[in-house]
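A structural walkthrough
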Amino acid sequence: MESWYTEFIEQYGYWGIFLVMALENLFPPIPSEVVLPFSGFITTKTDLNVYGVIAASTGGALFGAVVLYGVGLLLDVENLEKIVDRWGHILRIKKKDIYRADDWFDRYGKWTVFFGRMMPFLRSVISIPAGMANMGFVLFIVFTTLGTLIWNILLISIGAALGENWKELIQYVKLYSNIIYIALAVAAILFIIWYILHRKKKKAS
């Protein structure tokens, strides 16, 4: 899979980087962990420069994030309420669960959007709950741009510095990604356990 987007970037330059990064946000299996170091590397053998690559990759990622933010707006709290009214008894979800999650995102969402841009998988999907919670669009753009810029500058700069050896970075980034995946899995399991115990405690009382 790696070959098609590296060839695409080589052929179309900045526009190729923009489109691949937009797709990376929409389809997480395309890894920015490979795209960005490679994009940094090609600045050492083409007319592309690091600043242009950073701008193109950030613009593409931002475009993909806005699309998913729009999806989240379509799945807002009111629409989720309708889903819960119809399927809540099967999904074991109540309206107050939606309100609680929405309230949590109102308080901490901006930081989740910011730090989530530097985490695999979460960097893509976090835009949807941001839209669902009606996070202010300007605030969403600011925190998305800042988080994305940090991630892009880091990987692109290292890729450019390593040159032909850019692939050496991938193994370290993959290790980082695996740690994040494990942490997310553990967090999800702990949340499920807490949620089940919390419901049992409420029923008992």
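The model shown is predicted, which means the values in this text are computed figures rather than measured ones. (Residues numbered from 1 in each chain as written. Predicted model: local features only at pLDDT ≥ 70, side-chain atom pairs only at ≥ 80, totals over all residues. Heavy atoms only, no water.)

1. What about the nonpolar core?
- Grouped together as the largest cluster of nonpolar side chains are 35 residues, with contacts concentrated most on Ile9, Ile17, Phe105, Val113, Ala130 and Phe140.
- Elements represented by at least two residues in this core include exactly helix H1 (2–26), helix H2 (32–41), helix H3 (50–74), helix H5 (95–116), helix H8 (137–162) and helix H9 (168–204).
- A per-element tally of this core places H3 first, with 6 residues.
- Excluding residues within four positions of it along the chain, Phe140 makes contact with Ala65, Val66, Tyr69, Val113, Arg117, Ser127, Ala130 and Met135. (Core = buried A, V, L, I, M, F, W, Y, C linked by side-chain atoms within 4.5 Å. Buried < 20%, exposed > 50% of the residue type's maximum accessible area, 1.4 Å probe, protein only. Helix = DSSP H or I, 4+ residues; strand = E, 2+ residues; numbered from the N terminus. Contact = heavy atoms within 4.5 Å.)

2. Comments concerning the packing of H3 against H8
- It is the contact of H3 with H8, at a shortest axis distance of 9 Å, that shows an interaxial angle of 140°. Between H3 and H8, the crossing angle belongs to the class labelled oblique. Viewed along their axes, H3 and H8 form a crossing whose handedness is right-handed. In contact with Val50, Val53, Ile54, Ser57, Thr58, Ala61, Leu62, Ala65, Val66 and Tyr69 of H3, H8 contributes Phe137, Phe140, Ile141, Thr144, Thr145, Thr148, Leu149, Asn152, Ile153, Ile156 and Ala160.
- In the contact of H3 with H8, the residues fall into 15 nonpolar, 6 polar and no charged. (Axes fitted to C-alpha atoms, helices over the stretch in contact; angles between N-to-C directions. Parallel < 35°, antiparallel > 145°, perpendicular 65-115°, else oblique. Left-handed = near helix turned anticlockwise from the far one by under 90°. Nonpolar A, V, L, I, M, F, W, Y, C, P; charged D, E, K, R; others polar.)

3. Topic: empty space enclosed by the protein
- In total, this model carries 1 cavity of 30 Å³ or more according to the counting rule given.
- What the largest cavity holds in volume is close to 50 Å³. (1 Å grid on protein atoms, 1.4 Å probe; cavity = no way out; pocket = protein on both sides within 12 Å on 5 of 7 lines; lining within 4 Å. Points joined across faces, edges and corners; volume = space filled by probe spheres on them.)

4. What to know about a nonpolar patch on the surface
- On the surface, a nonpolar cluster with roughly 430 Å² of combined accessible area is contributed by Phe63, Val67, Val71, Leu74 and Leu75.
- By the element assignment, Leu75 lies in the loop between H3 and helix H4 (77–91). (Patch = residues over 30% accessible without salt bridge, like charges linked within 9 Å, V, L, I, M, F, W, Y side chains within 5 Å. Areas by Shrake-Rupley, 256 points an atom, 1.4 Å probe, with all protein chains shown as cover. Salt bridge = Lys/Arg side-chain N within 4 Å of Asp/Glu carboxyl O.)

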